[in-house]
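A closer look at the structure
Residue strings, one per chain:
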Amino acid sequence: MATLTVTPVVAEILLAVGAMALLLVGVYGGKRTLSTVWTGSVALVVLAGAAVLWSSDQAPGVQEAFGGMLLLDGFAVFTKVLIAVGSAGVLVMSRGYLVKRDLDRFEYPVLAVLSTLGMFIMVSATDMLTVYVGLELQSLALYVLAAFARDRARSTEAGLKYFVLGALSSGMLLYGISLVYGFAGSTAFTDIAAIAAGDGAAGNIGLIVGLVFVLAGLAFKISAVPFHMWTPDVYEGAPTSVTAFFSAAPKVASMALFVRIAMGAFDDMIDQWQQVAIFLAVASMVVGTGLALVQTNIKRLLAYSSITHVGYVLAALAAGGEAGREAVIYYMAIYITMTAGAFAVVLCMRQDEKYSEDIADLAGLVKTRPALAVAMGILMISLLGFPPFLGFWAKYTAFLAVVDAGLVWLAVIGMIASVVGGYYYLRVVKLMFFDEPAASFEPQRDRGVKGVILTTAVANSPLSLLLFGPLNTAAANASRAFGL
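Residues numbered from 1 in each chain as written. Predicted model: local features only at pLDDT ≥ 70, side-chain atom pairs only at ≥ 80, totals over all residues. Heavy atoms only, no water.

The name recorded for the protein chain in an unreviewed UniProt entry is NADH-quinone oxidoreductase subunit N, from Rhodothalassium salexigens DSM 2132. Check the Subunit (unreviewed entry) section of the UniProt entry for the protein chain; it says "NDH-1 is composed of 14 different subunits. Subunits NuoA, H, J, K, L, M, N constitute the membrane sector of the complex." For the protein chain, the Catalytic activity (unreviewed entry) comment in UniProt is given as "a quinone + NADH + 5 H(+)(in) = a quinol + NAD(+) + 4 H(+)(out)". (UniProt positions renumbered as here; feature names shortened; annotations may be inferred.)

Below, the structure is given as structure tokens:
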């Protein structure tokens, strides 16, 4: 069994120390430290260090920390690297936007690092108490980030809505944890798994109800229907760079936690949690696709698009087994590139010193900003899942796992949703390439935004054929190395 040359929680320690140091420097330092330029650079170094620590060994075996409350395995390594890269990417493309929106404050990267720390804990959690600690650390930072533009009513409203509904989901999660503890006698995943594997587990109503409440609390975090009501309003009201952050790393962490609980603690109760996953998947695909059809705001469109994609991922989760687990993390790896790139393009929608969010303003973009139009077109087609773009391989892997699990009807619903969803993705492409220009956006001088757009557009283009094999192999190895 391979071992790491560092402790299992070294990345978490690095993030915690880095966040505290940045906070102290920001509070007691000079004026230069009060901007996101300096603190953001340090935060990027911290996140990059965390990613390097994990990516240096793709086969860490299974290591425990804090008495088995945290676990490090190949699954955790893969998802932590994704989270670190996603968080760093959003920080890179946020600098110019924060300056132009007069939001250039040192608290932004500090909150991003603290939220990422919570995500790392979620991914490695093997105890219900650790789950709650990681989830709340992530959420508390995100509540503040949603209302970061505190002098703007929409941002304050977004933060308040997210906080209130987040508190509700936390209550549901805690109630579920208390029921699980009451009927299993422990909060440790290993003990719960032993009870779930017993002969009477299928008839243990209290344990099943507790499981349902736990999954409902997690469903809120991944924006699954019917716990999606906060998503479009928060996505629209929060600063765009914050929305980009919401749509990337936290989704990966929450889905990884969903997998850890369903396929770890309750793996032998798949007949019970599979029903919940199927319901959430179908509802998310249908509702997300239907409501996206009528959106005129690009951020709300991407919000409902994210809900639909969560439905596809949950369908793969419902397939169960190693194939379903592989499809989930493979899909989330690709989803990060698609959504980060799309929001980077939204950050370029600036005219007359104001940021636009209307889809109609993208009309004729190919005539005024051809490179931007091509990049957005690639990302929209990839989100649609049209071959041979990168998004196609994500859906192909997910639907293949679903079909292999005997859930052909669920795969059919997913494919129908994909076809219907083509309307709102192709509508954006049609506006950009075939309509007359409606607006002329200012030239983008932020190298961070340009870099993210270029990287994600190339990755999602037909050149994705070069990425399909290595990324699929990494996801397969991570799935096989799932410790609990």
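All right, on to the nonpolar core then. Residues Phe 266 and Leu 314 are the most contacted members of the largest nonpolar core, which totals 176 residues. It is helix H14 (residues 321-346) that contributes the most residues to this core, 16 residues altogether. Excluding residues within four positions of it along the chain, Phe 266 makes contact with Met 128, Val 180, Ile 192, Leu 207, Leu 211, Ile 261 and Trp 273. (Core = buried A, V, L, I, M, F, W, Y, C linked by side-chain atoms within 4.5 Å. Buried < 20%, exposed > 50% of the residue type's maximum accessible area, 1.4 Å probe, protein only. Helix = DSSP H or I, 4+ residues; strand = E, 2+ residues; numbered from the N terminus. Contact = heavy atoms within 4.5 Å.)

Ring pairs (aromatic) are described by centroid distance and by the angle formed between their planes. All chains considered together, the criterion is met by 16 aromatic pairs. Taking the centre distance of 5.4 Å and the plane angle of 70° together, the rings of Tyr 108 and Phe 148 count as edge-to-face. Pair noted here: Tyr 108 is in helix H4 (residues 107-124) and Phe 148 is in the loop between helix H5 (128-146) and helix H6 (153-184), with a separation of 40 residues, a long-range link. Judged by its relative accessible area of 5%, Phe 148 falls in the buried class. Ring centres of Phe 392 and Trp 393 lie 5.0 Å apart, and the angle between their planes is 70°; this geometry places the pair in the edge-to-face category. Note on Trp 393: relative accessible area 14%, which makes it buried. The aromatic ring of Phe 148 is capped on one face by Arg 105, whose charged end is 4.6 Å from the ring centroid. (Phe/Tyr/Trp six-rings, centres within 6.5 Å; stacked < 30°, edge-to-face > 60°. Lys NZ or Arg CZ within 6 Å of the ring centre and 35° of its normal.)

In this section: the pattern of salt bridges. Scanning the model with the defined rule gives eleven salt bridges in all. Its salt-bridge partner being Glu 12, residue Lys 80 comes within 2.5 Å of it at the nearest N-O pair. Placement of the pair is Lys 80 in helix H3 (residues 74-100) and Glu 12 in helix H1 (residues 10-28), with a sequence separation of 68 residues. Taken as a pair, Lys 80 and Glu 12 share a single burial class, namely buried. What you see here is one network of salt bridges that share partners, running through Arg 154, Glu 157, Lys 161, Asp 233, Glu 236, Lys 299, Arg 300 and Glu 357. (Salt bridge = Lys/Arg side-chain N within 4 Å of Asp/Glu carboxyl O.)

It is worth spelling out H14 at this point. The periodicity of an α-helix, 3.6 residues per turn, causes residues three or four places apart in sequence to face the same way. The terminal C-alpha atoms of H14 lie 38 Å apart, and with 26 residues this matches the ideal 38 Å at 1.5 Å per residue to within 8%. Within H14, 22 of the 26 residues are buried, leaving the element largely enclosed by the surrounding structure. (Expected span 1.5 Å × (residues − 1).)

To continue, consider the layout of surface pockets. Put simply, the largest pocket is a space of about 570 Å³. Leu 82, Val 85, Ala 333, Ile 336 and Thr 337 are, among the 23 residues lining the largest pocket, the residues nearest its centre. Of all the elements in the fold, those that place two or more residues in the lining of the largest pocket are H3, H14, helix H19 (447-460) and helix H20 (465-480). Among the residues forming the lining of the largest pocket, the class breakdown is 15 nonpolar, eight polar and no charged. Approximately 200 Å³ is the volume found for the second largest pocket. The wall of the second largest pocket is formed by Cys 348, Arg 369, Ala 371, Leu 372, Ala 375, Gln 444, Lys 450, Ile 453, Leu 454 and Ala 457. Residue contributions to the lining of the second largest pocket peak at four residues, all from H19. Of the residues belonging to the lining of the second largest pocket, the class tally is seven nonpolar, one polar and two charged. (1 Å grid on protein atoms, 1.4 Å probe; cavity = no way out; pocket = protein on both sides within 12 Å on 5 of 7 lines; lining within 4 Å. Points joined across faces, edges and corners; volume = space filled by probe spheres on them. Nonpolar A, V, L, I, M, F, W, Y, C, P; charged D, E, K, R; others polar.)

A word on the environment of Thr 308. Along the chain, Thr 308 turns up in helix H13 (residues 298-319). Through-space distance from the C-alpha of Thr 308 to that of Ser 223 is 9.4 Å; in sequence the pair is 85 residues apart. Sequence-distant contacts of Thr 308, that is, excluding residues within four places in its chain, are made with Ser 284, Met 285, Gly 288, Thr 289 and Tyr 424. A polar side-chain atom of Thr 308 sits 3.1 Å from the main-chain amide nitrogen of Thr 289. Looking at Thr 308, its side chain comes within polar contact range of the main-chain oxygen of Tyr 304, at 3.0 Å. (Polar contact = N/O pair within 3.5 Å; in protein donor to acceptor, adjacent residues only side chain to side chain.)

Here we come to the packing of helix H16 (residues 370-384) against H19. Orientation of H16 relative to H19, taken along the N-to-C sense of each, is 45°, at an axis distance of 9 Å. As far as their axial angle goes, H19 and H16 are oblique. Crossing hand, H16 versus H19: left-handed. Contacts from Leu 372, Ala 375, Ile 378, Leu 379 and Ser 382 in H16 reach Ile 453, Thr 456, Ala 457 and Asn 460 in H19. Looking at the contact of H16 with H19, its residues break down into six nonpolar, three polar and no charged. (Axes fitted to C-alpha atoms, helices over the stretch in contact; angles between N-to-C directions. Parallel < 35°, antiparallel > 145°, perpendicular 65-115°, else oblique. Left-handed = near helix turned anticlockwise from the far one by under 90°.)

Bringing a nonpolar patch on the surface into the picture now. A cluster of nonpolar side chains, Val 403, Val 408, Val 412, Met 415, Ile 416 and Val 420, forms an exposed patch at the surface whose accessible area comes to about 460 Å². Considering every element that reaches the nonpolar patch, the biggest residue donor is helix H18 (residues 408-434), with five residues. With respect to the element layout, Val 412 can be found in helix H18. (Patch = residues over 30% accessible without salt bridge, like charges linked within 9 Å, V, L, I, M, F, W, Y side chains within 5 Å. Areas by Shrake-Rupley, 256 points an atom, 1.4 Å probe, with all protein chains shown as cover.)

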